[in-house]
Each structure stands twice: as structure tokens, then as C-alpha cells.
Amino acid sequence: MRKLQIGIMGSAADLNYCKEAEDFAKELGRLIAESGNILVYGAEKEYSSLSTNAAIESSKNGGITVGITYGKEGNIYGDFRPTVLIPCGLELGGGREFTLILSCDVIIAISGGSGTLTEMAIAYQANIPIITVDKFGGWARKLSNKYIDDRERLKCLSAKTPKEALTKAIKTIEERECK
């Protein structure tokens, strides 16, 4: 079976996420590495994020990470560098999210502010499955087990643990590919 491209979307550090959310993201990153799949995330320029923490942990455990950053330079926050860094030429809040989400087979949202909401909406429009972690608030909690709009195309599936989030992500894609 091919390697799945699993997107991790979530709060940036300026939303002051809790240590438990950070630990959740790290555990999820480790599990993605161990599963042999690829972690895709939005590589930030100004600060860390839950997604960055997941990518760092995935990399520490031998995983492949793909960071999509905005602009053209490829400058990102901190010392960590993903396996593959893609500067998409688009700006934050102005298109980078399309490149990021359309590079994913499935996304997992942890907490999240307006950027995560935008990413979830793009995934919904593109019919990309969305797994939400409802433990930490943000848009992930608000949209857990709900449809984003009245079209009811795709329900955001809730998960409570990193293992459950990854299992649901993989199962959802496997079911789609068998149809």
C-alpha cells in the first residue's frame, strides 16, 4: 500500500495551547512515523505550532515530514527542517492553505483558530476527510462529529486519543480506496 499523506492542522503558539495538547500532537507525530506514512504540515515562520511539534516528533522517530510554507524564501521558525520543505509562493491567509490541504489524503485537526478553520473548510470543499480532536477546544471541538455546512458532504469524525485519530484517518482512506 502507498504511503498516506496525513495532514496535521492545529493551533499556533500565539493561541497559547496547553501542554497536554502539545503532548497529544507529539504522540500523534510519533505514531504517524511508526505507521510508515507521511506527515504534512504548515511550516510557520514566526512561531511554533501543534503541527510543528507533531512534525518534529515524527522526524525524531524516522518519519517523513513535508512542510508547506508561505512566501518564496523557505525560511521557517526554529532549527527543525522537515524532510521536504515546499515554499508555495503564496501568503499566509492568502492561498498557502490550498497547497497545504490539497497535498493531504486526510487531515487531523487539533484545537485551532482561524487558520485551522480555513484549512478544514478547504478540506471539506475538496472532499478530503477530516478527523477532529475534541479535547482541546478551538475549531476542532466546535466541528467534531458535525458537517461544516448543510450540504452534509463529509462529517468531521471525532477522536479522543492520538491512536484513535490515526486509526480513523487510515481507515477512512482505506475505505475510500476500496470503493
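Above: the structure in question.
Quick notes on the rules
Residues numbered from 1 in each chain as written. Predicted model: local features only at pLDDT ≥ 70, side-chain atom pairs only at ≥ 80, totals over all residues. Heavy atoms only, no water. Core = buried A, V, L, I, M, F, W, Y, C linked by side-chain atoms within 4.5 Å. Buried < 20%, exposed > 50% of the residue type's maximum accessible area, 1.4 Å probe, protein only. Helix = DSSP H or I, 4+ residues; strand = E, 2+ residues; numbered from the N terminus. Contact = heavy atoms within 4.5 Å. Pairing = 2+ DSSP bridges. Axes fitted to C-alpha atoms, helices over the stretch in contact; angles between N-to-C directions.

## What about the nonpolar core?
- If you look at the biggest cluster of nonpolar residues, it comprises 30 residues, and the most contacted ones within it are Ile6, Ile8, Leu28, Ile108 and Ile110.
- Counting only elements with at least two residues in this core, the list comes to strand S1 (5–10), helix H1 (19–35), strand S2 (38–42), helix H2 (50–60), strand S5 (106–110), strand S6 (130–133) and helix H6 (162–178).
- Of all the elements, H1 adds the most residues to this core, at six residues.
- Look past the residues within four positions of Ile6 in its chain and what remains in contact with it is Ile32, Asn37, Ile38, Leu39, Val40, Val106, Ile108 and Leu166.
- Judged by nonpolar contacts, the second largest core, of 20 residues, contains Met9, Cys104, Ile107 and Ile130.

## Describing unusual backbone geometry
- Even without being a glycine, Asn145 presents a positive backbone phi close to 60°.
- Take Asn145: it is sitting in the loop between helix H5 (138–143) and strand S7 (157–159).
- Owing to a relative accessible area of 43%, Asn145 belongs among the partly exposed residues under this scheme.
- Located in the positive-phi region is Glu152, a residue other than glycine, with phi close to 50°.
- Tracing the sequence through the fold places Glu152 in the loop between H5 and S7.

## Re the sheet that holds S7
- Across the sheet, seven strands lie side by side as S4-S3-S2-S1-S5-S6-S7; this open sheet has parallel pairing. Bordering the open sheet on either side are strand S4 (84–87) and S7, each of which pairs with just one other strand. With direction set aside, neighbouring strand axes in the sheet form an average angle of 25°.
- As judged from the three bridges shared by S6 and S7, these two strands associate in the parallel manner. Directly across from Val133, in S7, lies its bridge partner Ala159.
- Packed onto the sheet, H1 meets S1, S2, S5 and S6 and runs at close to 160° relative to S5.

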